[in-house]
Amino acid sequence: MSTKFIAAVVQASPVLFDLEKTLAKTAHLVSEASSKGAKLALFPEAFISAYPRGLSFGTVVGSRSTEGRETWLRYWNSSIEVPSKATDQLGEMARKANLFLVIGVNEKDTVSGTMYCTMLYFNPKGELMGKHRKLKPTAAERIIWGEGDGSTLSTFNTSLGKMGGLICWENYMPLARTAMYQKGVQLYLAPTADSRESWQHTLKHIALEGRCFVMGCNQFVTKSMYPSDLPGITDLNHQPEVMSRGGSVIVAPSGEVLAGPLWDEEGMLTAEIDINEVIKSKLDFDPVGHYARNDVFSLTVEGQPDSEEFG
């Protein structure tokens, strides 16, 4: 079996707050990734159907506005249940393209009424392998997203290698990263909304620390992409035209940048991944093996599932 394959990172925006048009755009981009020979395609955080950058949802400490609740309703209606017709469509995209598809979504729990920032994993058969819910939304994100738990701190054994990952600033949580390393992650997927230059250092550090390939993926978004009739749109009056510059990148276990970073435009990065580079990199460092002090340190993760096997 070949240890090499092409990976693609998709830097794009959804059709903000429009589920059906975003799914159509996703299908086009998945097909494009396949045409480039990709066997794994990663999409950004909250790609379906918006990372609501710049919006307040009418909240200040101690009160919420009627208009803000209308913004929330629009956001809720453009998010998806898991599983659902929308996840079936995403699975079919992966099947037709014959690739692993990993994509950030806003997952709505219609029983509790809570929304989660979630990463979905599909295999080339079109099956939903599983999901990861963001453990800790950052700052004002806590208004719109609930917290995930250890039950979705997932990794998957696949024909490409062991894949898993964390969303955005979860990657600043040392124990969350260690939980991924303990599961033997080789393909570390890091969709984000952070477009700062400093984020590049974080992704390189994870590659070196975890001795894994790291795929960082962000949206490129401008203010003009927001629907003009969105309740609360005046929140953006003082925002810059470019709301997110992107900064998607693919990094090797050596810390070498294989593709990117991509700034200030939509686009698709591709790189050849050789899983043998993960093994080679562990000659001199293994964060949970020969370079660990398991007699001194230990980490227990409540509810973390075993790695699942997928073709």
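Residues numbered from 1 in each chain as written. Predicted model: local features only at pLDDT ≥ 70, side-chain atom pairs only at ≥ 80, totals over all residues. Heavy atoms only, no water.

Caption draft 1: Quick peek at the overall build of the protein chain. For the protein chain, the helix and strand inventory stands at six helices and 17 strands. Compactness check: the protein chain gives a C-alpha radius of gyration of 19 Å against a globular reference of 19 Å for 311 residues, within 12% of the reference. Along the longest, intermediate and shortest principal axes, the C-alpha atoms of the protein chain span 60 × 45 × 35 Å. Of all 311 residues assigned to the protein chain, the portion counted as buried reaches 56%. The contacts in the protein chain between residues at least 6 apart in sequence include a share of 71% that link residues at least 24 apart. (Helix = DSSP H or I, 4+ residues; strand = E, 2+ residues; numbered from the N terminus. Rg over C-alpha atoms; globule rule 2.2 N^0.38 Å. Buried < 20%, exposed > 50% of the residue type's maximum accessible area, 1.4 Å probe, protein only. Contact = heavy atoms within 4.5 Å.)

Caption draft 2: Spotlight on the sheet that holds strand β11 (residues 213-217). As summarised here, the arrangement of the seven strands in space is β15-β14-β11-β10-β9-β8-β17, forming an open sheet in which the pairing is mixed. The sheet terminates laterally at β15 (257-263) and β17 (308-309), the two strands that pair on one side only. With three bridges connecting them, β11 and strand β14 (residues 246-251) associate as antiparallel partners. Of the residues in β14, the one forming a bridge with G216 is V249. Of the strands in this sheet, β8 (155-158), β9 (161-165) and β10 (187-191) touch helix α4 (residues 174-182), which is tilted by about 150° from β10. Relative to β14, helix α5 (residues 198-210) is tilted by about 15°, and along the sheet it contacts β10, β11, β14 and β15. (Pairing = 2+ DSSP bridges. Axes fitted to C-alpha atoms, helices over the stretch in contact; angles between N-to-C directions.)

Caption draft 3: Local environment of the packing of aromatic side chains. Counted by the stated rule, this structure contains 13 aromatic pairs. Pairing Y51 with W145 gives two aromatic rings, centres 5.9 Å apart and planes at 55°, and the pair type is tilted. With a gap of 94 residues between them, Y51 in the loop between β2 (38-42) and β3 (59-60) and W145 in the loop between β7 (128-133) and β8 connect regions that are remote in the sequence. Summarising the burial analysis for this pair, Y51 and W145 share the class buried. When the ring of Y181 is compared with that of Y188, the centres are 6.4 Å apart and the planes differ by 45°; the resulting orientation is tilted. Across this residue pair, the class does not change: Y181 and Y188 are buried. Note that R133 overlies the ring of Y116, its terminal NZ or CZ placed 3.8 Å from the centroid. (Phe/Tyr/Trp six-rings, centres within 6.5 Å; stacked < 30°, edge-to-face > 60°. Lys NZ or Arg CZ within 6 Å of the ring centre and 35° of its normal.)

Caption draft 4: How the structure looks around helix α3 (residues 85-97). An ideal rise of 1.5 Å per residue puts 18 Å on 13 residues; α3 measures up with 19 Å between its terminal C-alpha atoms. Of all the residues in α3, the buried ones are A86, T87, L90, G91, M93, A94 and A97. Seen along its axis, α3 keeps its buried residues to an arc of 150°; they face one direction. Set apart from the buried face of α3 by more than 90 degrees, the exposed residues are K85, D88 and K96. Tucked inside the fold, the buried residues of α3 contact α1 (19-35), β5 (100-109) and β6 (114-122). Within two residues after α3, N98 carries a phi angle of roughly 55°, on the positive side. (Expected span 1.5 Å × (residues − 1). Arc of directions from axis to C-beta.)

Caption draft 5: Region of the structure containing the packing of α1 against α3. Across the interface, α1 lies against α3 with an axial gap of 9 Å and an inter-helix angle of 20°. Classed by the angle they form, the pair α1 and α3 counts as roughly parallel. The element α1 and its partner α3 pack so that their crossing is right-handed. Contacts between α1 and α3 involve L23, T26, A27, V30 and S34 on the former and, on the latter, A86, Q89, L90, M93 and A97. (Parallel < 35°, antiparallel > 145°, perpendicular 65-115°, else oblique. Left-handed = near helix turned anticlockwise from the far one by under 90°.)

Caption draft 6: Broad picture of the pattern of salt bridges. Tallying each qualifying case throughout the model produces 15 salt bridges. Of the charged contacts in the structure, one is a salt bridge between D229 and R74, with a shortest N-O distance of 3.0 Å. With D229 in the loop between β12 (221-222) and β13 (242-244) and R74 in helix α2 (residues 66-77), this pair connects stretches of sequence that are 155 residues apart. Under the relative-accessibility criterion, D229 is labelled exposed at 54%. According to the relative accessible area criterion, R74 is partly exposed, its value standing at 24%. Here R95 makes a salt bridge to E92, at a shortest N to O gap of 2.6 Å. (Salt bridge = Lys/Arg side-chain N within 4 Å of Asp/Glu carboxyl O.)

Caption draft 7: Up close: the nonpolar core. Ranked by internal contacts, the top residues of the largest apolar core, which has 49 residues, are L40, M163, L187 and Y226. Per element, the largest residue contribution to this core is four residues, and it comes from β6. Aside from chain neighbours lying at most four places away, what touches L187 is F5, L40, L160, G161, K162, M163, G164, F213, I273 and I275. The next biggest cluster of nonpolar side chains, apart from the first, holds 27 residues, and it includes A8, A41, A86 and M93. (Core = buried A, V, L, I, M, F, W, Y, C linked by side-chain atoms within 4.5 Å.)

Caption draft 8: Main features of the pairing of β5. Extensive coverage of β5 is indicated by the burial of nine of its ten residues. With three bridges joining them, β2 and β5 adopt parallel strand pairing. Bridge pairing links L42 to V102 in β5. Between β5 and the antiparallel strand that follows it, β6, lie four residues; G113 among them carries a positive phi value of about 85°.

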